[in-house]
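What follows is each chain in one-letter form.
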Amino acid sequence: MPRTDVGNPDYYHKVVDCQWACPAHTNVPEYIRLIAQGRFSDAYLVNRESNVFPGILGRTCDRPCEPACRRTRVDGKPVAICRLKRVAADHKDDIRDRLPTAPKTRNGKKIALVGAGPSSLTVANDLMPLGYACTIFEKGPRPGGLMRVNIPAFRLPEEVLDEEIGYIAGMGVEMRYDTPVTSLRALVESKEYDAVFVGSGAPKGKELELPGRRDTDQIFIGIEWLESIHFGHIDTVGQRVLIIGVGNTAMDCCRSAKRLGATDVKVIARKTRKYFKASPWELEDAEEEHVQILENHSPVRFVVENGTLTGMEFDTFTAREEGGRLIQEPAGRTIVPCDTVILAIGQENAFPWIERDMGLEFDKWNMPVVDKVTHMSTRPGVFFGGDAAFGPANIIWAVAHGHQAAISLHHYCQGIPVTERPPDAMTLTSTKMGLHEWAYSNNYSPAARQKMTHVSMPHRFSKMTIEVEQGFTADQTKEEVERCLNCDVETHFTDPLCIECDACIDICPVDCLTIARPGDEADLRQRLTAPAENLDQALFVSGPLKQTGRVMVKDENVCLHCGLCAERCPTYAWDMRKFVLQQPYAGVTFIPLEAVGR
Amino acid sequence: MTYIAKPKVHHPSLQRNAIGLTRRDYEGAITTLCAGCGHDSITAAIIQAFWELSVPPHTVAKLSGIGCSSKTPAYFLREAHGFNAVHGRMPAIATGAGAANAGLMMIGVSGDGDSLSIGLGQLSHAIRRNVDILYLLENNGVYGLTKGQFSASADPGSTSKKGEVNTMEAIDGVLLALTLGATFVARSFSGDKAQLVPLIQAGLAHKGFAFIDIISPCVTFNDHEGSTKSYAYTREHQVEVVQADFIAPREAITSEQDAGTVKSVMLHDGSWVTLHKVADSYDPTDRDRAYAYIRERQKVNEVLTGLLYIASDSKDMAEQHELPDQPLAGLPFEQLCPGSAELEKLQARFR
Ligand SMILES: Cc1cc2nc3c(=O)[nH]c(=O)nc-3n(C[C@H](O)[C@H](O)[C@H](O)COP(=O)(O)OP(=O)(O)OC[C@H]3O[C@@H](n4cnc5c(N)ncnc54)[C@H](O)[C@@H]3O)c2cc1C
Ligand SMILES: Cc1ncc(C[n+]2csc(CCOP(=O)(O)OP(=O)(O)O)c2C)c(N)n1
Ligand code: SF4
Ligand code: SF4
Ligand code: SF4
Ligand SMILES: [Mg+2]
């Protein structure tokens with residue numbers, strides 16, 4: 001195995017599991033340390049730089065960071081990264097004077113954005129400070145997209161949405177509400193705009209055309225139904241409600257039904273729990289509210305008697321796992337009685353307003369052909385992001401798309417090729433403060449993950465808008481921040497300094513380190529102090545060491561970043577260095593370390 | 001010295017031994033020695049060796065004298081018995097402890113100062129008596145704890161950190177032990193755990209005085225250019241002449257292990273050491289030839305390591321003096337103190 005190139009920002013970035021997993025690469029450990037110091041505003045702004053909506057995401061994010069968190073591999077439960085984000089948002093001071101502003105003189109370029117969801121808003125957030133004039137066309141009366149009309153208020157209060165969207169709109173974005181774009185060609189060919197961004201989402205819920213579907217008015221499409229609740233068009237529901245599908249939309253539907261007065265709510269799943277699409281925490285929250293989940297049920301027909309929905313018929317199955325595959329065998333039919341059915345089996349994209357002959361290619365799934373990196377369609381100057389680009393995802397992906405699309409839009413308008421992507425850069429700074437003192441809290445805290453407190457059961461159902469999660473208390477926050485392992489404080493090795501004394505290896509509590517004969521990676525992984533079986537986690541390998549020609553190997557997998565290796569190293573061959581990823585944004589590039597010398 | 005304790009969490013794949021303990025269960029307090037001290041590596045090797053042998057920690061007595069090396073029993077087997085003796089006096093304490101409780105597994109940790117200067121007489125008699133103990137001499141050529149004065153094992157011509165040359169002859173623990181009749185004599189290096197761990201295991205299984213001189217660099221006072229006990233010097237001059245593998249009683253010796261230059265010695269408890277001679281002319285069961293060979297190679301600055309000598313017919317102190325296996329404290333009073341009538345009889349024999 002060749003010497004690991006730690007000069008490439010990707011290596012240390014990957015060690016920060018959460019940041020690497022975050023589509024927007026939020027600097028998680030940095031904001032957690034700031035929270036630990038009570039610097040909530042600073043923590044908020046670190047978040048905002050990459051994820052734009054810390055208050056919203058601190059409540060609703062799909063949190064790909066958490067399953068990735070190293071702490072999971074150490075004590076089974078990730079750091080409550082998402083809920084700590086909310087702590088920063090809830091406790092910050094007035095930060096308005098620290099936000100980016102649009103310059104007095106604009107740069108003369110105009111951008112049209114379709115839809116006021118998180119992707120378009122992110123594009124505007126990045127381009128306004130550069131002097132662009134951004135106009136957002138929104139079909140509905142208010143901004144936020146699905147975040148507002150679909151995510152129920154008991155998970156995301158309206159004030160939070162208004163505040164964070166306000167920070168962007170407040171820069172002077174021209175917001176045109178109740179203005180659906182009905183022809184993309186007309187918009188593009190009006191020549192009024194230098195470029196167009198499409199952030200119109202994936203607005204159509206999937207149908208389930210089974211016998212009886214059209215014989216009653218008590219069958220609804222999940223996302224439409226949630227939207228109707230949001231706008232107050234629906235405020236009642238039958239006593240017995242069936243939700244078909246077991247994704248996150250289904251979870252919002254079943255919990256909303258509870259709040260509209262349903263007493264018996266069942267979620268129907270075709271497969272077993274292992275295959276549920278909903279995040280485990282959403283399932284947990286729904287089950288806490290006594291929603292019942294029926295596995296191995298496949299819909300056959302709606303039972304409608306004299307125009308009244310009375311139930312739904314299902315094929316049922318027995319299930320077992322064989323060789324990692326689910327085997328289901330028929331176990332008869334059953335009718336589950338109900339008064340209302342909500343279909344929550346997925347979303348589709350629909351672009352009736354985009355002409356198919358305007359030089360913008362669509363693929364066989366009727367999706368626009370969009371470049372994964374530049375976000376440009378086949379019609380130069382038209383960019384896509386969020387759910388509109390590659391199908392339904394989530395808010396943090398919409399934000400990540402927004403940042404990348406903004407870079408492309410900026411390049412496009414400035415005559416720079418959109419394929420020219422500014423590189424990631426990094427800084428690396430020693431955290432050594434004294435013989436045994438580090439600029440971060442290096443001691444391992446054995447505390448268990450803190451449990452979010454919820455509003456009491458009967459009370460939370462009394463209104464649609466009562467936020468269920470109450471946020472962490474000061475004490476919970478204090479415990480939770482210490483669970484973070486500070487993975488961005490990297491173990492940095494300087495080969496020529498090592499005298500092969502083994503001190504680092506002997507002290508390491510989790511057996512990360514080995515001085516070994518060189519070898520290829522597969523071989524090395526078997527010859528370490530503890531076998532390195534997690535292939536997703538990198539091995540660091542040094543160059544040949546001075547005294548024996550062996551190499552220092554570190555398995556990054558469960559390193560606690562406790563700094564003990566560096567404390568026990570007599571020569572400072574190991575040092576704990578804080579890594580900061582410098583992510584380029586539209587108009588912001590960094591000079592890589594190599595270029596400035598080290 | 002570090003301020004934080006070593007976190008209790010461990011690698012998810014950390015193994016348990018036959019008595020259900022992990023390696024971490026054999027640790028002690030966090031070390032207070034200098035970062036990079038060879039003694040800490042030896043501590044790690046001791047932990048590994050005891051863990052692999054599945055020794056119940058409470059059946060062990062750790063004994064030491066004074067010095068950085070002698071501090072280390074605090075850093076392993078936190079549940080074992082311990083006695084930190086006066087400078088150089090650990091062998092006497094060990095002799096007494098061994099007499100009082102022959103059932104204890106004893107490990108003594110000492111330094112070159114503790115053993116070869118102030119404690120030389122003590123060490124000599126413990127060897128002579130063949131006290132049943134594993135005796136580790138953590139040899140760094142200096143008095144580490146008192147800030148790096150030359151010790152009795154410093155080689156003539158080697159220099160102190162400040163550049164002063166040592167003019168006196170060195171006492172070599174291995175040669176000394178051989179002349180005094182030690183029944184198990186080895187040399188190793190703190191930076192070579194692959195060699196050290198089986199040596200420690202064999203030494204623990206050996207019935208009698210098992211002596212291991214371990215070059216253990218003092219990273220603070222004796223790891224410079226002019227030192228002959230530094231990491232770099234030892235790595236350059238170390239020659240392994242007899243590679244010892246320890247085979248626990250339950251495991252069978254395979255023919256593969258018997259092949260070639262291998263010689264096997266059965267230990268008192270039914271375990272085996274297999275000796276792979278790296279140097280052809282060497283015989284680790286012949287005291288005189290071992291002595292001569294080590295002397296000879298020393299002249300060309302080779303530091304011979306491995307299990308250098310083992311006597312298969314070792315009779316330890318307890319056996320020689322027919323001491324009971326049971327701890328004296330556990331004997332019935334009448335047996336321990338047979339009364340004045342018996343005393344009368346005994347005295348009559350000498351009249
Ligand atoms: C029930 C439900 C719950 C969800 N919960 C979560 C969650 O907890 N966490 C999470 O991260 N994600 C969640 N999501 C997904 C998330 O809301 C979306 O992935 C995200 O909002 C997509 O952002 P976007 O910018 O692509 O567009 P959207 O948010 O979909 O916004 C698109 C906007 O464009 C407007 N528009 C569409 N067509 C036109 C047109 N022709 N002219 C003008 N305007 C137009 C729409 O009115 C809308 O306002 C949920 C989705 C649903 C359905
Ligand atoms: C009776 C007595 N004399 C002198 C000392 C001072 N003293 C403490 S440690 C030491 C030498 C220890 O050297 P060594 O055994 O080689 O241990 P190291 O620190 O090198 O491991 C001396 C002379 C003492 N503690 N007690
Ligand atoms: S920081 Fe060093 S000692 Fe601590 S867990 Fe990581 S590699 Fe081991
Ligand atoms: S503690 Fe330092 S000098 Fe010793 S082996 Fe580790 S990196 Fe090398
Ligand atoms: S002074 Fe020398 S022997 Fe003592 S702890 Fe420090 S390095 Fe080890
Ligand atoms: Mg010494």
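What counts and how
- Residues numbered from 1 in each chain as written.
- Chains lettered and ligands numbered in written order.
- Predicted model: local features only at pLDDT ≥ 70, side-chain atom pairs only at ≥ 80, totals over all residues.
- Heavy atoms only, no water.
- Donors = N, O, S within 2.8 Å, 3.2 Å for Na, K, Ca; no water.
- Helix = DSSP H or I, 4+ residues; strand = E, 2+ residues; numbered from the N terminus.
- Buried < 20%, exposed > 50% of the residue type's maximum accessible area, 1.4 Å probe, protein only.
- pLDDT = per-residue confidence, 0-100.
- Contact = heavy atoms within 4.5 Å.
- Near = heavy atom within 4 Å.
- Nonpolar A, V, L, I, M, F, W, Y, C, P; charged D, E, K, R; others polar.
- Domains from an automatic or database assignment.
- Buried area = accessible area lost by both parts, 1.4 Å probe.
- Salt bridge = Lys/Arg side-chain N within 4 Å of Asp/Glu carboxyl O.
- Pairing = 2+ DSSP bridges.
- Axes fitted to C-alpha atoms, helices over the stretch in contact; angles between N-to-C directions.
- Polar contact = N/O pair within 3.5 Å; in protein donor to acceptor, adjacent residues only side chain to side chain.
- Left-handed = near helix turned anticlockwise from the far one by under 90°.
- Parallel < 35°, antiparallel > 145°, perpendicular 65-115°, else oblique.

Caption draft 1: Main features of the coordination of the magnesium ion (ligand 6). Residues and elements named next belong to chain B. Within the protein, D112 (OD), N140 (OD1) and V142 (O) serve as the donor atoms for the magnesium ion (ligand 6), at 2.1 to 2.2 Å. Within one chain, the residues donating to the magnesium ion (ligand 6) are spaced in sequence as D-x27-N-x1-V. Of this pair, D112 sits in helix 4 (residues 112-116) while N140 sits in the loop between strand 4 (133-139) and strand 5 (142-143), placing them 28 residues apart in sequence. Classification of D112 as buried rests on a relative accessible area of 2%.

Caption draft 2: Structural detail: the confidence of the model for chain B. Residues and elements named next belong to chain B. Of the residues in chain B, 96% reach a pLDDT of 70 or more, and the chain-wide mean stands at 93. This stretch, residues 255-260, has a pLDDT under 50; its non-local contacts, to residues over four places away or in other chains, come to five contacts. Scored as a complex, the prediction yields pTM 0.93 and ipTM 0.92.

Caption draft 3: Geometry of the site of ligand 5. Lining the immediate surroundings of ligand 5 are L33, C34, C37, H39, C68, N140, G144, C218, V219, T220 and F221 of chain B. When grouped by side-chain class, the residues that make up the shell around ligand 5 number seven nonpolar, four polar and no charged.

Caption draft 4: The domain arrangement of chain A, seen in detail. All names here are of chain A. As assigned here, chain A comprises domain 1 (9-97 + 445-483), domain 2 (100-203 + 349-414), domain 3 (205-346) and domain 4 (489-582). For domain 1 and domain 4, the distance between their C-alpha centres works out to 30 Å. Approximately 1400 Å² of surface area, both sides summed, lies buried where domain 1 meets domain 4, with 52% of it carried by carbon and sulfur atoms. Our enumeration of links across domain 1 and domain 4 arrives at one salt bridge.

Caption draft 5: Representation of the interface of chain B and chain A in the model. Chain B puts 30 residues into the contact, and the matching count from chain A is 30 residues. Across the interface of chain B and chain A, roughly 2500 Å² is buried in total on both sides, 57% from carbon and sulfur atoms. Considering only the side of chain B, the residues that lose the most area to chain A are I4, H11 and R235 of chain B, jointly responsible for 24% of the buried surface there. Put simply, chain B and chain A have four salt bridges between them. Linking D511 of chain A and R23 of chain B is a salt bridge whose minimum nitrogen-to-oxygen distance equals 2.6 Å.

Caption draft 6: How the structure looks around the sheet that holds strand 9 (residues 292-294) of chain A. All names here are of chain A. With parallel pairing, the five strands of this open sheet are ordered in space as 6-13-7-8-9. For this open sheet the edge positions go to strand 6 (219-221) and strand 9, each flanked by a neighbour on one side alone. The sheet shows a mean angle of 25 degrees between the axes of neighbouring strands, direction not considered. Sheet topology places strand 6 next to strand 13 (residues 340-343); three bridges connect them, and they run parallel. Paired with I219 across the bridge in strand 13 is V341. Across the sheet, helix 13 (residues 222-230) is in contact with strand 6 and strand 13; its angle to strand 6 comes to roughly 90 degrees.

Caption draft 7: Representation of the sheet that holds strand 19 (residues 489-493) of chain A in the model. Residues and elements named next belong to chain A. If you trace the three strands from one edge of the open sheet to the other, you get 16-23-19, paired in antiparallel fashion. At either margin of the open sheet sits one strand with a lone partner, and together these are strand 16 (425-430) and strand 19. Mean inter-strand twist for the sheet, computed between neighbouring axes without regard to direction, equals 45 degrees. Bridge count between strand 19 and strand 23 (residues 574-582): five bridges; the pairing is antiparallel. Paired with V489 across the two strands is K578, which belongs to strand 23.

Caption draft 8: Representation of the environment of Y275 of chain A in the model. Residues and elements named next belong to chain A. Note on placement: Y275 falls in the loop between strand 8 (264-268) and helix 15 (280-288). Put simply, Y275 and L326 are 51 residues apart on the chain and 9.1 Å apart in space, counted from C-alpha to C-alpha. Once residues within four sequence positions are removed from consideration, Y275 is found in contact with E321, G324, R325 and L326. Within the structure, Y275 has its side chain in polar contact with the side chain of E321 (distance 3.0 Å).

Caption draft 9: A look at the packing of helix 4 (residues 40-51) of chain A against helix 8 (residues 81-91) of chain A. Residue and element names in this part refer to chain A. Here helix 4 crosses helix 8 at 120 degrees, and the two axes come no closer than 8 Å. Considering only the axes of helix 4 and helix 8, their crossing is left-handed. For the pair helix 4 and helix 8, contact is made by F40, A43, Y44, N47 and N51 and by K85, V87, A88, A89 and H91, respectively. Residue composition of the contact of helix 4 with helix 8, grouped by class: six nonpolar, three polar and one charged.

Caption draft 10: Looking closely at helix 13 of chain A. All names here are of chain A. For helix 13, the full list of buried residues reads G222, I223, W225, L226, S228 and I229. Buried residues along helix 13 sit against helix 10 (146-149), strand 5 (204-205), strand 6, helix 14 (248-259), strand 13 and strand 14 (347-348). Where helix 13 ends, the next residue or the one after it, G232, has phi of about 80 degrees, a positive value.

Caption draft 11: Region of the structure containing the packing of helix 4 of chain A against helix 17 (residues 395-414) of chain A. Residues and elements named next belong to chain A. Two elements in contact, helix 4 and helix 17, have axes whose closest approach is 9 Å; the angle formed by their N-to-C orientations is 70 degrees. Of the possible angle classes, the one that applies to helix 4 and helix 17 is roughly perpendicular. Note on element contacts: helix 17 touches helix 4 through I396, V399 and H403, opposite E49, S50 and N51. The residue inventory of the contact of helix 4 with helix 17, partitioned by class, reads two nonpolar, three polar and one charged.

Caption draft 12: Inspection of the side chain of D132 of chain B at higher detail. Mapping D132 of chain B onto the fold places it in the loop between helix 5 (120-129) and strand 4. Looking at D132 of chain B, its side chain comes within polar contact range of the side chain of K207 of chain B, at 3.3 Å.

Caption draft 13: Seen up close, the pairing of strand 23 of chain A. Examined bridge by bridge, strand 16 of chain A and strand 23 of chain A share six bridges and lie antiparallel to one another. The partner of A425 of chain A across the bridge, within strand 23 of chain A, is Q582 of chain A.

Caption draft 14: How the structure looks around the environment of L435 of chain A. Residues and elements named next belong to chain A. Mapped onto the secondary structure, L435 falls in the loop between strand 17 (432-434) and strand 18 (437-438). Once the C-alpha coordinates of L435 and E567 are considered, the two residues, 132 residues apart in sequence, prove to be 7.4 Å apart. Excluding residues that lie within four positions of it along the chain, L435 makes contacts with E567 and Y572.

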